Structure formats: C-alpha cells, structure tokens
Amino acid sequence: MTSVLFSPIRLAELELANRIVVSPMCQYSANDGVASDWHLTHLGMLANSGAGLVIAEMTDVERRGRISHGCLGLYSDSCEAALTRVVDHCHRIGAAKIGVQLAHAGRKGSARMPWEGRGQGGTAPPDPWQTIAPSAIPFGPNWHTPREATLDDIARVRAAFVNSCKRAARIGFDAIELHYAHGYLAHSFLSPVSNKRTDQYGGSLENRMRFGREIAQAVRAAVPSTIALGVRITGSDWR
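Residues numbered from 1 in each chain as written. Predicted model: local features only at pLDDT ≥ 70, side-chain atom pairs only at ≥ 80, totals over all residues. Heavy atoms only, no water.

### So, the packing of helix H2 (residues 77-93) against helix H3 (residues 151-171)
Running from N to C, H2 and H3 cross one another at 35°; their axes reach a closest spacing of 9 Å. Like other packed secondary-structure pairs, H2 and H3 cross with a definite hand, here right-handed. Here Asp-77, Glu-80, Leu-83, Thr-84, Val-87 and Asp-88 of H2 come into contact with H3, specifically with Arg-167, Arg-170 and Ile-171. In terms of residue class, the contact of H2 with H3 is made up of three nonpolar, one polar and five charged. (Axes fitted to C-alpha atoms, helices over the stretch in contact; angles between N-to-C directions. Helix = DSSP H or I, 4+ residues; strand = E, 2+ residues; numbered from the N terminus. Left-handed = near helix turned anticlockwise from the far one by under 90°. Contact = heavy atoms within 4.5 Å. Nonpolar A, V, L, I, M, F, W, Y, C, P; charged D, E, K, R; others polar.)

Here it is, written out as structure tokens:
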C-alpha cells in the first residue's frame, strides 16, 4: 500500500503531487537582497528532488528587514528580476511547485552572518541599520537594542508585505508563506515576552495578534486566490 505521504493534496486552488515539502533554508548568498547563481543552483536542484513543494528561504520585504547583508529580499525591481529568473528555471526543469517565505527580521536584523557570531559585538558591519520591534527590548545578551515601532513603521511594514506579495505573484510563485515564527518581527508582536506595548498592538492577545492579522488580511486581498497563502507559527517565545 502506498503511503499517504506520496498522494496528492490540494491547498486551496493549488494541487501538489505529494505531501513532501522542502522547508525554507537561509543561504546567506544574496547581494543586497538580490538572488545569485547560488540560488539558481540550490532551488533548481530541490525542484528536481521529488518534493511536491519547495519553499525558498526567508525573503525579506524591505532592506532593513533582513537578518544580515547576505539575506534574500523581494523589495526592489532588481530583487524581483533575479527571483523571476530562478523561479522560471525551477518551473522549466523541475516538477515541484515553488513557494516563498516572506518575512521581516525585526530585532533579529542587522546581524552578522552565523559563522561570524550572530548578535555578538553589535550590528552587521560595514553598513548596520536601526532595527524595530514592538518594544525596545534586545533579542538577547550582547544584541543591540531595537527601536520601538511607531504606528507609521507598522503601516510601512504592512505595505511592504503587500508589495512583496504582489511581486511574488508577478514572479510566478505558487505559494506564499508569511513568517510569524522564530522571534522575527511578526512573532515578536504576538509574544507577551517581547511585546510590552500599551496601544492597540499590545496588551491582550487580541491586540498582540493585530499586527499579523492585518498583514494577512491585506495580503490575501492583494494576491490572487490561485496562490496558496499560509502562515508559519511557533510554539516557543524564542527568548
């Protein structure tokens, strides 16, 4: 008897050949957010792996939303053109559907590469940036202190998610995953450990959910129903 794992499954209007999904894996190989030949090779190989769905690495919705200088982005025409090349290649030579994980690193941004000691000794040289978070609380010891996000920041990031999702649709991604996990910006709004706000985005669970819910609603309204939309969450506060 064939395992259910290898049977087709439908996610909204997206049909997958099987239930094997390759999770996003940060490659730290982008140039100012722009995908390189590394991504063409990496994702092209996975498109031929037999998986039903391959999700590209955490891809940030604005330049200052990246984890590091090597992180992939989808916030400029150059980013869009490079990923179009990658996705077209994957669709042409592989059988897997291709998704993208969209995110904003929040207080975990402006960090060194993992092999350089992420979070240790300040922010990423030579061009660090001021990070934002629901509250001005560092991610951990030796990490920089983020700035508390203003309502204008929240509106800007929400619009950035929508714009990146529109770019993802133009590129031809089959699915979009919103990254609300691992201590990044949307997750840090959800958690009472990192969110100490007293306005409509803090306090009660309903208020802490508002940031992520508004993004999801705005994205769903802007993206065709033919593109599957999901959210990644986590069971840990990542503290």
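Picking up where we left off.
### A closer look at the pairing of strand E6 (residues 97-103)
For E6, the buried fraction is high: six of the seven residues fall into the buried class. Looking at chain direction, strand E4 (residues 53-60) and E6 are connected through seven bridges and run parallel. The residue of E6 that forms the bridge with Met-58 is Gln-101. Pairing of E6 with strand E9 (residues 175-179), which is carried by four bridges, proceeds in the parallel orientation. Each residue of the ladder has a partner; that of Gly-99, found in E9, is Ala-175. (Buried < 20%, exposed > 50% of the residue type's maximum accessible area, 1.4 Å probe, protein only. Pairing = 2+ DSSP bridges.)

### Quick word on the pattern of salt bridges
Counted according to the given criterion, the structure contains 14 salt bridges. Here Glu-62 makes a salt bridge to Arg-64, at a shortest N to O gap of 3.9 Å. For Asp-199, the salt bridge goes to Arg-197, with nearest N and O atoms at 2.8 Å. Connected through shared salt-bridge partners, Glu-62, Arg-64, Arg-147, Asp-153 and Arg-156 make up one network. (Salt bridge = Lys/Arg side-chain N within 4 Å of Asp/Glu carboxyl O.)

### Let's talk about helix H1 (residues 37-47)
Helical periodicity: at 3.6 residues per turn, an α-helix aligns residues three or four positions apart in one direction. What H1 keeps buried is the set His-39, Leu-40, His-42, Leu-43, Gly-44, Leu-46 and Ala-47. Along its buried surface, H1 packs onto strand E3 (21-22), E4, strand E5 (72-73), H2 and E6.

### Let's talk about the nonpolar core
Core analysis: the largest hydrophobic core is formed by 46 residues, its most contacted members being Val-54, Leu-102, Phe-161, Phe-173, Ile-176 and Phe-211. Every element with two or more residues in this core is listed here: H1, E4, H2, E6, H3, E9, helix H4 (185-190) and helix H5 (205-222). Examining the composition of this core, we find that eight residues originate from one element, H3, more than from any other. In this structure Leu-102 touches Thr-59, Val-61, Leu-74, Phe-161, Ser-164, Cys-165, Ile-176, Glu-177, Leu-178 and His-179, once residues within four positions along its chain are discounted. (Core = buried A, V, L, I, M, F, W, Y, C linked by side-chain atoms within 4.5 Å.)

### Observations regarding the side chain of His-104
Its place among the elements puts His-104 in the loop between E6 and strand E7 (132-133). Given the relative accessible area of 2%, His-104 is considered buried. A distance of 2.8 Å separates a polar atom in the side chain of His-104 from a polar atom in the side chain of Glu-62. A distance of 3.0 Å separates a polar atom in the side chain of His-104 from the backbone nitrogen of Gly-106. With residues near it in sequence (within four places) discarded, His-104 still touches Met-58, Asp-60, Val-61, Glu-62, Arg-64, Gly-65, Ile-132, Val-157, Phe-161, Tyr-184 and Leu-185. (Polar contact = N/O pair within 3.5 Å; in protein donor to acceptor, adjacent residues only side chain to side chain.)

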